[in-house]
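# Survey of secondary and tertiary structure
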Number of protein chains: 2
Amino acid sequence: MDPDSFRHYGHQFVDWLADYFEHIGQLPVKSAVKPGDILSKLPVEPPVSGESMDDIFVDFQQVILPGMTHWQHPGWFAYFPANNSPPSVLAEMLTAGLGSQCMSWQTSPAATELEERVTGWLRQMIGLPDHFKGVIQDTASTATLCALLSAREHATGFDANMRGIKDPLTVYASSETHSSIEKGMKIAGFGRDNLRLVDTRDDFSMCPKALEKAMARDIENGIKPSCVVATLGTTSSMAMDPVDEIGPLCKKYKTWLHVDAAFAGTAASDPDHRWFMSGTEQCDSFVFNPHKWMLTNFDCSVYFVKNAGILLRTLGIQPEYLKTGADQQVNNYRDWGIQLGRRFRALKLWFVIRYYGVDGIRKMVNKHIDLAALFAEWIKADPRFELMAPQQLTLVCFRLNPGNLPEKELQRVNEALLDEVNSSGEVFLTHTMLRGKYCLRMSVGQRTTDRVHVQKAWDLIRKPAEKHRTPYPG
Amino acid sequence: MDPDSFRHYGHQFVDWLADYFEHIGQLPVKSAVKPGDILSKLPVEPPVSGESMDDIFVDFQQVILPGMTHWQHPGWFAYFPANNSPPSVLAEMLTAGLGSQCMSWQTSPAATELEERVTGWLRQMIGLPDHFKGVIQDTASTATLCALLSAREHATGFDANMRGIKDPLTVYASSETHSSIEKGMKIAGFGRDNLRLVDTRDDFSMCPKALEKAMARDIENGIKPSCVVATLGTTSSMAMDPVDEIGPLCKKYKTWLHVDAAFAGTAASDPDHRWFMSGTEQCDSFVFNPHKWMLTNFDCSVYFVKNAGILLRTLGIQPEYLKTGADQQVNNYRDWGIQLGRRFRALKLWFVIRYYGVDGIRKMVNKHIDLAALFAEWIKADPRFELMAPQQLTLVCFRLNPGNLPEKELQRVNEALLDEVNSSGEVFLTHTMLRGKYCLRMSVGQRTTDRVHVQKAWDLIRKPAEKHRTPYPG
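## A word on the overall build of chain A
Within chain A, the regular secondary structure consists of 14 helices and twelve strands. A compact globule built from 474 residues would reach a C-alpha radius of gyration of about 23 Å, and chain A, at 24 Å, matches this within 12%. Here the C-alpha coordinates of chain A stretch approximately 65 × 65 × 45 Å along the principal axes. A buried classification covers 60% of the 474 residues belonging to chain A.

Structure follows, in C-alpha cells:
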C-alpha cells in the first residue's frame, strides 16, 4: 500500500471513527451475539491472494462491529471503565505509524525520556514523594508481578533469582484483593498456599490487626513474611486498605509494601479525593492504571518504585546484542519490567495530560464521583433496594431486596434483573459477591457518561423491580 | 474534544503520517541526540490547564521526532526489524478508537472469535499440525514465560502453582539462546542456576549430543529436567536448533519442548524456506512474532500450544467479578497468558493477512532473504571482510578483518566501523559476540528495504575499510 492509498483510507477511517464517537450511544453497549456467531462468518483458511482494503473495511463494519461490546459507550457501567479520549486515540495513531520499539534508550531516545518525564508528572499529580521513579507497564497484573518479584529478591538477598525460593515466603493481601495477586504468586514461584488472605473490616478494607496476627503467626512458625499488598479501591467494592496503618507493620516486620491502586489512583489527582493515599509514602512500590480512568487508551499502567536499584537487580539482563554505549547514562526500561519489547506508551499520556491539563482530569474525576453518589442516594431512598457496601469514588454495590426471600432466591432475582437490564443494550453492569451475597455493581467512569445515562440505568433497574410486590424491609 | 475536532486533527495526522511514510528514508535512521537532550526540553511539572492540540502536535514534531530512532526506515538493519505496514496502522487506528478490552469473550466477543480464527490462519501458514491452538501475546518474552510455567506445572503435577518448586527443576537451551529464557527462569522461580546452556555446533545451533549428556547428568544427580527451549533463528546469528533431533530426546526424558521462532517463524509461511520447522510437530509450545517480520505493528506475538488444558490449568483464574454465563462455551483469553487486560490485537493481523494475502507475505520473505544472500556474497568476495556465521534467512554476521590484528584490536576496529557507519544516519546496524569474537549484524527485514538500501549499507561499510592498508589474509 503506497502512502497515497494510506492517505485515502486513513481519511476514510478517521471519518468513520468521528461518526462512531458521535453515535456510539445509539449502539447496543453489550453485543447480543451468541458464542460462535462471528467465528462462523470468518473463512477457515487464510486468503492466498491479497484483498482490497474496501472489502476488508466493509467486513469490519458488517462482521466484526456487531460482535463488539462498546467499552466507550456512555452507558458503560460494567467492571471498571477503560476510558479513552480523542487526544489519546490521536496519539495512538502516531505511535502506530512510527512503529517504534522502546526497549532501550538507543532504540527510541525520545520515547525513553518522555516516559521519564510523564511518569514524573503523574507522580506529582497523585502526590507521591519525589524519590519515587515511574515506568509504564502494560497492566497492573504485570506491575504487581514486578512488585512480588522485587519483594522475593529483597527477602532472599537476590538468591531466589539464582536458586529459586528455598524456604517458604509469605505474602499478605486482604480477602478482597484482586485475582492478579493469586496469579502473581503462582507465576513468581511463591505458590498459592503462601498467600494469606487477611480478614476485612465492615467496609471490606483490610483489618490491620488481622494482618499483624497473620504475620506474627507465620514468623512464630519460622516462615518469612516477604510482602504485603494493600489495595486502594478493590474491584468488588472500592474498599480502601488503611495504608497508613499497614505501613508501620511492614516496617516492623521488614516486609515489602506494594500498593495496588489500579483504578482509584486517578482520583488522587484531585486533592479533595486524595485521602486514601495517606501512608503511601511508606510503600516500596505503587501501581495505578491511567488506562482505566485517566482518558488514556489501554494499555497504560504506571508503576512507581522507591528504589529502582532493587527493580533493576531483580529484572535487569545484559546480553551482548543489547549493549549500547549509553547504558551507563540512561534508563533502559526493558530492565524495569517483564517484557523486552515495549510500545511507545508515553506519547498518549503526554497528549492526554497536556490536552486536558490537571484541571481537566480533576473535573472528570469529580463528575464521575458525583454521579455515583447520586445513584447511591437513589438506591438508599428506595426501600426495595439495598446498598451492599459504602459508596466510594465511582462504585455503588447494591441489590434488589424485595424482602423475605432466602439468600439463594435473592441471588436468582438479582441475576435475572442484571440480565434484563443488560439486554436493553442501553447500559451494561456486572456483578460481584460480597461476603457470600450476590451484588450488582454500578461503576461510573466513561468520559461521556452524564446524568442522563445514570438516570437511564436507574430507570431500567427500577422497571423489573416493579414485579416484586412482596412487602419491603423497612 | 468533540467528534468534529477529532475529525479535523485526525485528517491532519493522517496526512502527516502519509508524508512520514513517503519521506522517512530522508530522515536519519538513528537519532543523533545525546542522553538528556529531550528531557531538558520537557517541562518538569504537568500543565494545570489544558493546551491546544495544535501546540501539542508542533511539539511532537519539533521536540519528540528528532529524538526518535526510525524503526520503519528502509535503512534499518539493526537488531531484528519490527516492521509494520499501512494496513496494520489502519487497523491500529480502529483498535484505538474502539478502545476495547479483550480479557473475556463477553467483554469483546468478536475480538475473541477473530483471535481464534487468525491464529488458526497463522498455524496453517507456518505448517503446524491442526491440533495446535493459538493465542496472541504481547511479546515472545511473555509467551516463553508461559511455556516455562506450563513446563513447571507439567513436571510437578501442578504442585508448584500451590507450593512453589520444592526440588530443583532444570531447563535446557543452547548457549546462544535469547536472554528472555534466563529472565523467565528467574521470574518463574526456577532460578538461573537451573538453566543449562548447552554447547553449540559449528553453526551455533544446539548440539543434541551435548543436550542429552546434560540431561542424563542431571537425572543421575537426582535433578528433574523439565523443559528444553529450542531456538529457531537465534538473535546473534539466526542459528537453527535441530528440533527434529531434540524432539525425541524430550520424549525420552519426558520434558516439555518449547520452540522459540520469534523472528524466523514468518519465513515458515513460504514452503521453500520452511526446512527449519522439521520436527516442530513434536513440540508442546511454539512462539513467533508477526510484529517482527510479518508487517504487523508491535506488539503481536503468537503462541501455539498442543494442549491448551495445561495452559489453562497453569494460568486460569476465576474471581466472581469476571464470571459470565458463556464461560463454558468460549475462550476467555485472559486465562491463556500473564495479563488480565488485553488489547484487540487480532484486528491488525486480520487486516495484514487479508490485504497482502499469503502470497504477498511470501514475496516479502523472499525479497529479504535474497537481499541478505546478496550482501553475504559481497562480504565473501571482499578479502578484507569475513563472514562470522553461515548466512541464514535475513541475517549476515561479519566483521572487517584487515589481518594480523590481535582480537582486542579487531574489536576496536569494528566498533569504530560500526560507529562511523551508523553516524551516517543512512543505515543502522548493531553488533553481537560469537564465541568471544565481536561481529557486526546486517539484519534485513524492513518492508520498504530494497537493493539500493543494502547497496548503500555496503558502500558505507566499505568506505572506512579503505583506511586499513595492512595486508589481507587470503
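So, next bit.
## Quick notes on the domain arrangement of chain A
Looking at chain A, the domain boundaries give domain 1 (3–81) and domain 2 (100–343). The gap between the C-alpha centroids of domain 1 of chain A and domain 2 of chain A is 35 Å.

## Details of the sheet that holds strand β10 (residues 395–400) of chain A
All names here are of chain A. An order of β1-β11-β12-β10-β9 is seen for the five strands of this open sheet, with the pairing classed as mixed. Across the chains shown, the open sheet's two edge strands, defined by having one partner strand only, are β1 (76–77) and β9 (385–387). Pairing geometry for β10 and strand β12 (residues 437–443), over four bridges, is antiparallel. From the neighbouring strand, Phe398 faces β12, where its bridge partner is Leu440.

## Focus: the sheet that holds strand β6 (residues 256–260) of chain B
Residue and element names in this part refer to chain B. Strand order across the open sheet formed by seven strands is β2-β8-β7-β6-β5-β3-β4, with mixed pairing between neighbours. Whereas interior strands pair on both sides, the edge strands pair on one side only; in this sheet they are β2 (133–137) and β4 (195–198). Neighbouring strand axes in the sheet, compared pairwise and without regard to direction, differ in orientation by 20 degrees on average. Where β2 meets strand β8 (residues 301–305), five bridges bridge the pair, whose relative direction is antiparallel. Within β8, the residue paired with Val135 across the bridge is Tyr303.

## Here we look at the packing of helix α12 (residues 346–381) of chain B against helix α14 (residues 451–465) of chain B
Relative orientation and spacing of two packed helices are given, respectively, by the angle between their axes and the distance between those axes. Residues and elements named next belong to chain B. Two numbers describe how α12 lies on α14: the axes approach to 10 Å, and their chain directions differ by 30 degrees. Of the possible angle classes, the one that applies to α12 and α14 is roughly parallel. Taken as a pair, α12 and α14 cross one another with a handedness that is right-handed. Mapping the contact onto sequence places Leu371, Leu374, Phe375 and Trp378 in α12 and Arg451, Val454 and Trp458 in α14. Split into classes, the residues belonging to the contact of α12 with α14 amount to six nonpolar, no polar and one charged.

## What about the relation of the copies chain B and chain A?
Overlay of chain B on chain A (RMSD 0.0 Å): rotation 180 degrees, translation along the axis 0.0 Å. With respect to symmetry, the two chain copies, as superposed, fit the operation of a two-fold axis.

## Comments concerning the pairing of β10(A)
All names here are of chain A. The element β10 is extensively covered by neighbouring structure, given that six of its six residues are classed as buried. On β10, burial covers both faces: Leu395, Cys397 and Arg399 on one face and Val396, Phe398 and Leu400 on the other are all buried. Where β9 meets β10, three bridges bridge the pair, whose relative direction is antiparallel. Bridging from a neighbouring strand, Phe385 pairs with Leu400 of β10.

## Some thoughts on helix α9 (residues 243–252) of chain A
Residues and elements named next belong to chain A. When α9 is considered as a whole, its buried residues turn out to be Val243, Ile246, Gly247 and Cys250. The buried residues of α9 all sit within an arc of 110 degrees when viewed along its axis, so they share a single face. In the core, the buried residues of α9 are packed alongside α8 (208–220), β5 (224–231) and β6 (256–260). Lys254 occupies a position one or two residues after α9 and carries a positive phi of about 55 degrees.

## Here's the deal with unusual backbone geometry
Residues and elements named next belong to chain A. Residue Asp299 is reached from Phe298 by a cis peptide bond, and omega for that bond is 5 degrees. Residue position: Asp299 is located in the loop between α10 (290–293) and β8 (301–305). With a phi close to 50 degrees, Leu393 is a non-glycine residue in the positive phi region. Tracing the chain through its elements places Leu393 in the loop between β9 and β10. Among the residues examined, Leu393 registers 24 C-beta atoms within 10 Å and is labelled buried.

## Concerning helix α12 (residues 346–381) of chain A
Taking 1.5 Å of rise per residue, 36 residues should cover 52 Å, yet α12(A) covers just 44 Å from first to last C-alpha, more than 12% shy of that figure. At A:Gly357, α12(A) is deflected by roughly 85 degrees, the largest bend along its length.

## Remarks on the interface of chain B and chain A
Taken together, the contact pairs 123 residues of chain B with 123 residues of chain A. Per element, the largest residue contribution to the side of chain B that touches chain A is 16 residues, and it comes from helix α1 (residues 3–23) of chain B. Across the side of chain B that touches chain A, the residue classes tally to 62 nonpolar, 39 polar and 22 charged.

## A closer look at the environment of B:Met1
Mapped onto the secondary structure, B:Met1 falls in the segment before α1. For the pair B:Met1 and B:Val427, spaced 426 residues apart in the sequence, the C-alpha separation amounts to 40 Å. For B:Met1, the contacting residues outside a window of four places in its chain are A:Ser85, A:Pro86, A:Pro87, A:Tyr355 and B:Phe6.

## Focus on the environment of B:Leu374
Residue and element names in this part refer to chain B. Its place among the elements puts Leu374 in helix α12. On the basis of neighbour counts, which here come to 17 C-beta atoms within 10 Å, the residue Leu374 falls in the partly exposed class. When the C-alpha positions of Leu374 and Gln455 are compared, they lie 9.5 Å apart, and in sequence the two are 81 residues distant.

## Things to note about the environment of B:Asn332
All names here are of chain B. With respect to the helices, strands and loops of the structure, Asn332 is situated in the loop between α11 (308–315) and α12. Residues Asn332 and Phe132, spaced 200 residues apart in sequence, show a C-alpha to C-alpha distance of 17 Å. Excluding its chain neighbours within four sequence positions, the residues that come into contact with Asn332 are Ser104, Trp105 and Asp327.

## Looking at the confidence of the model for chain A
For chain A, per-residue confidence averages 96 on the pLDDT scale, and residues scoring 70 or more make up 99% of the total. In the model output, the complex is listed with pTM 0.97 alongside ipTM 0.96.

## A closer look at the packing of helix α3 (residues 86–98) of chain A against helix α3 (residues 86–98) of chain B
For the pair α3(A) and α3(B), the least separation of the axes is 9 Å and the interaxial angle reads 155 degrees. With respect to α3(B), the element α3(A) is oriented roughly antiparallel. Remark: the crossing between α3(A) and α3(B) carries right-handed chirality. Contacts between α3(A) and α3(B) involve A:Val89, A:Glu92, A:Met93, A:Ala96 and A:Gly97 on the former and, on the latter, B:Val89, B:Glu92, B:Met93, B:Ala96 and B:Gly97. Among the residues forming the contact of α3(A) with α3(B), the class breakdown is six nonpolar, two polar and two charged.

Cut-off values and rules
- All residue numbers refer to position in the chain's written sequence, counted from 1.
- Key to labels: chains lettered from A, ligands numbered from 1, both in the order written.
- Where local features are concerned, this predicted model is filtered to residues with pLDDT of at least 70; where side-chain atom pairs are given and counted, the filter is 80 or more; whole-chain, interface and lining totals use all residues.
- Going along the chain from the N terminus, every DSSP run of H or I of four or more residues is numbered as a helix, and every run of E of two or more is numbered as a strand.
- We compute the radius of gyration from the C-alpha atoms alone; for a globule the expected value is 2.2 Å times N to the 0.38, where N is the number of residues.
- Residues with at least 20 neighbouring C-beta atoms inside 10 Å of their own are called buried, those with 12 or fewer are called exposed, and the rest are partly exposed, where every C-beta is derived from the backbone.
- Here the limits of each domain have been adopted from an automatic or database domain assignment.
- Here, strands pair whenever DSSP counts at least two bridges between them.
- Axis lines are fitted through C-alpha atoms, for helices just across the contact stretch, and the angle between N-to-C directions can take any value from 0 to 180 degrees.
- The labels follow the angle: roughly parallel below 35 degrees, roughly antiparallel above 145, roughly perpendicular from 65 to 115, and oblique for the rest.
- Rotating anticlockwise by less than a right angle from the far helix to the near helix defines a left-handed crossing, while the corresponding clockwise rotation defines a right-handed one.
- Each residue gets a C-beta atom placed from its backbone, and two residues are in contact if those atoms lie within 7 Å.
- Under the grouping applied here, Gly and all other residues not named as nonpolar or charged are polar, the nonpolar ones being Ala, Val, Leu, Ile, Met, Phe, Trp, Tyr, Cys and Pro and the charged ones Asp, Glu, Lys and Arg.
- The copies were overlaid by least squares, fitting only the C-alpha atoms of residues that reach a pLDDT of 70 or more in each copy.
- It is the directions from the helix axis to the C-beta atoms whose arc is reported.
- To estimate how far a helix should extend, the number of its residues minus one is multiplied by 1.5 Å.
- Bend at a given residue is defined as the angle between two axes, one fitted to the seven residues that end at that position and one fitted to the seven that begin there.
- The pLDDT value expresses, per residue, how confident the predictor is, ranging between 0 and 100.

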